[in-house]
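What the coordinates show
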Amino acid sequence: MPEASVAIVRGSPARRHIGQVVQATPMQLWRRQVDGMRVAEGQYEGLKTLASDILLLPEDGALEAALAQRHPMSELKRQLRAARVLCMVMRGRDELSARGWADFFDALGLPFLGTCR
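Now for a look at the structure at hand. (Residues numbered from 1 in each chain as written. Predicted model: local features only at pLDDT ≥ 70, side-chain atom pairs only at ≥ 80, totals over all residues. Heavy atoms only, no water.)

1. Describing the overall build of the chain
Put simply, the rule reads: Each helix corresponds to a stretch of at least 4 residues labelled H or I by DSSP, and each strand to a stretch of at least 2 residues labelled E; elements are numbered beginning at the N terminus. Burial classes follow relative accessibility: with a 1.4 Å probe on protein chains only, a residue under 20% of its type's maximum area counts as buried, one over 50% as exposed, and anything between as partly exposed. What makes two residues a contact is simply this: any of their non-hydrogen atoms within 4.5 Å. Only the protein chains shown count as cover for residues, and the accessible areas themselves come from Shrake-Rupley with a 1.4 Å probe.
Check the secondary structure of the chain and you find five helices and five strands. Starting at the N terminus and ending at the C terminus, the chain contains elements arranged as β-α-β-β-β-α-α-β-α-α. Out of the 117 residues in the chain, the part that is buried amounts to 38%. The long-range fraction of contacts in the chain, counting pairs at least 24 apart against all pairs at least 6 apart in sequence, stands at 61%. Accessible surface for the chain amounts to roughly 7,000 Å². Of this, 53% is attributable to carbon and sulfur atoms.

Written out as structure tokens, the structure reads:
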């Protein structure tokens, strides 16, 4: 199974300049590997250079609020609906399905449609 990945870019500067950033912004890239998830630090420089399946853009404190809950996925779902977290899908439906993302989207109550480009 291909490794799935999600990029997390925190804070409002990245949300204002999603497509093309004015200044590189710190990013975490989470990649699924055979032995579990691995996190790498990197720089978000815009959508064209992003090599990730999903891009999450949480407002300051939104991700921490979700992780502090007993059921973080339920809180992440609330944060998405309140627009405190933006979720951008960077791959097509078939590729996402092959990488195992269908259950993730289902847990968040999001339609599993595919790419937003």
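Alright, that's what it looks like, and here's the rest.
2. Quick notes on the layout of surface pockets
In plain terms, the rule: For each structure, a 1 Å grid was placed over the protein atoms alone; sets of points admitting a 1.4 Å probe that cannot get out are labelled cavities, open sets with protein on both sides within 12 Å along at least five of seven lines are labelled pockets, and lining residues have an atom within 4 Å of a point. Grid points are joined across faces, edges and corners, and a volume is the space filled by probe spheres set on the points. Polar here means any residue outside two lists: the nonpolar Ala, Val, Leu, Ile, Met, Phe, Trp, Tyr, Cys and Pro, and the charged Asp, Glu, Lys and Arg; Gly therefore counts as polar.
Reported here for the largest pocket is a volume of approximately 350 Å³. Lining of the largest pocket is provided by 15 residues; of these, Ile 8, Leu 56, Leu 63, Leu 67 and Leu 76 occupy positions nearest its centre. If you list the elements that add at least two residues to the lining of the largest pocket, you get strand 1 (5–8), strand 2 (25–33), helix 2 (62–67) and helix 3 (72–81). When its residues are assigned to classes, the lining of the largest pocket shows 13 nonpolar, one polar and one charged.

3. Some details on the sheet that holds strand 2
Hydrogen bonds between backbone groups are what pair the strands of a sheet, and the pairing can be parallel or antiparallel. Stated precisely, the cut-off is as follows: Any two strands are treated as partners once DSSP identifies two or more bridges connecting them. Angles shown run from 0 to 180 degrees and are taken between the N-to-C directions of axes, each axis being a line fitted to C-alpha atoms and, for helices, limited to the stretch in contact.
Ordered by their spatial adjacency, five strands build an open sheet running 3-2-1-4-5, and the pairing between neighbours is mixed. Edge strands, defined here as strands with exactly one partner in the open sheet, are strand 3 (36–44) and strand 5 (85–89). Between one strand and the next, the sheet's axes are offset by a mean angle of 20 degrees, whatever the strand orientation.

4. Regarding the nonpolar core
Spelled out, the test is: Only buried Ala, Val, Leu, Ile, Met, Phe, Trp, Tyr and Cys residues count toward a nonpolar core, and they belong to the same one when joined by side-chain atoms within 4.5 Å.
Within the largest apolar cluster, 17 residues are counted, with the highest numbers of intra-cluster contacts made by Ile 54, Leu 56, Leu 76, Val 85, Trp 101, Phe 104 and Phe 105. For this core, the elements supplying multiple residues, two or more each, are strand 1, strand 4 (54–58), helix 2, helix 3, strand 5 and helix 5 (102–107). Excluding residues within four positions of it along the chain, Ile 54 makes contact with Ser 5, Val 6, Ala 7, Cys 87, Met 88, Met 90, Trp 101, Phe 104 and Phe 105. The next biggest cluster of nonpolar side chains, apart from the first, holds ten residues, and it includes Ala 7, Val 9, Leu 55 and Met 90.

5. Concerning the packing of aromatic side chains
Stated formally: By convention, a stacked pair of Phe, Tyr or Trp rings (six-membered ring in the case of Trp) has centres within 6.5 Å and planes under 30 degrees apart, an edge-to-face pair has planes over 60 apart, and any other such pair is tilted.
Considering all chains together, one arrives at two aromatic pairs under this definition. With a centroid separation of 5.1 Å and an interplanar angle of 75 degrees, the aromatic rings of Trp 101 and Phe 104 are classed as edge-to-face. Of the residues examined, Trp 101 reaches a relative accessible area of 9% and is grouped as buried. Site record: aromatic cluster; members linked through ring pairs are Trp 101, Phe 104 and Phe 105.

6. Looking at the pattern of salt bridges
Test applied: For this document, the term salt bridge refers to a Lys or Arg side-chain nitrogen within 4 Å of an Asp or Glu carboxyl oxygen.
Per the counting criterion, the structure on display carries nine salt bridges. Between Arg 10 and Glu 64 there is a salt bridge, and its shortest N-O distance comes to 2.4 Å. Placement of Arg 10 in the loop between strand 1 and helix 1 (12–16) and of Glu 64 in helix 2 is noted, with a sequence separation of 54 residues between them. The salt bridge partner of Arg 99 is Asp 53, with a shortest N-O separation of 3.1 Å. One end of the pair, Arg 99, is in the loop between helix 4 (93–98) and helix 5; the other, Asp 53, is in the loop between strand 3 and strand 4, and 46 residues separate them in sequence. Here the salt bridges share partners, and the residues they tie into one network are Asp 53, Arg 91, Glu 95 and Arg 99.

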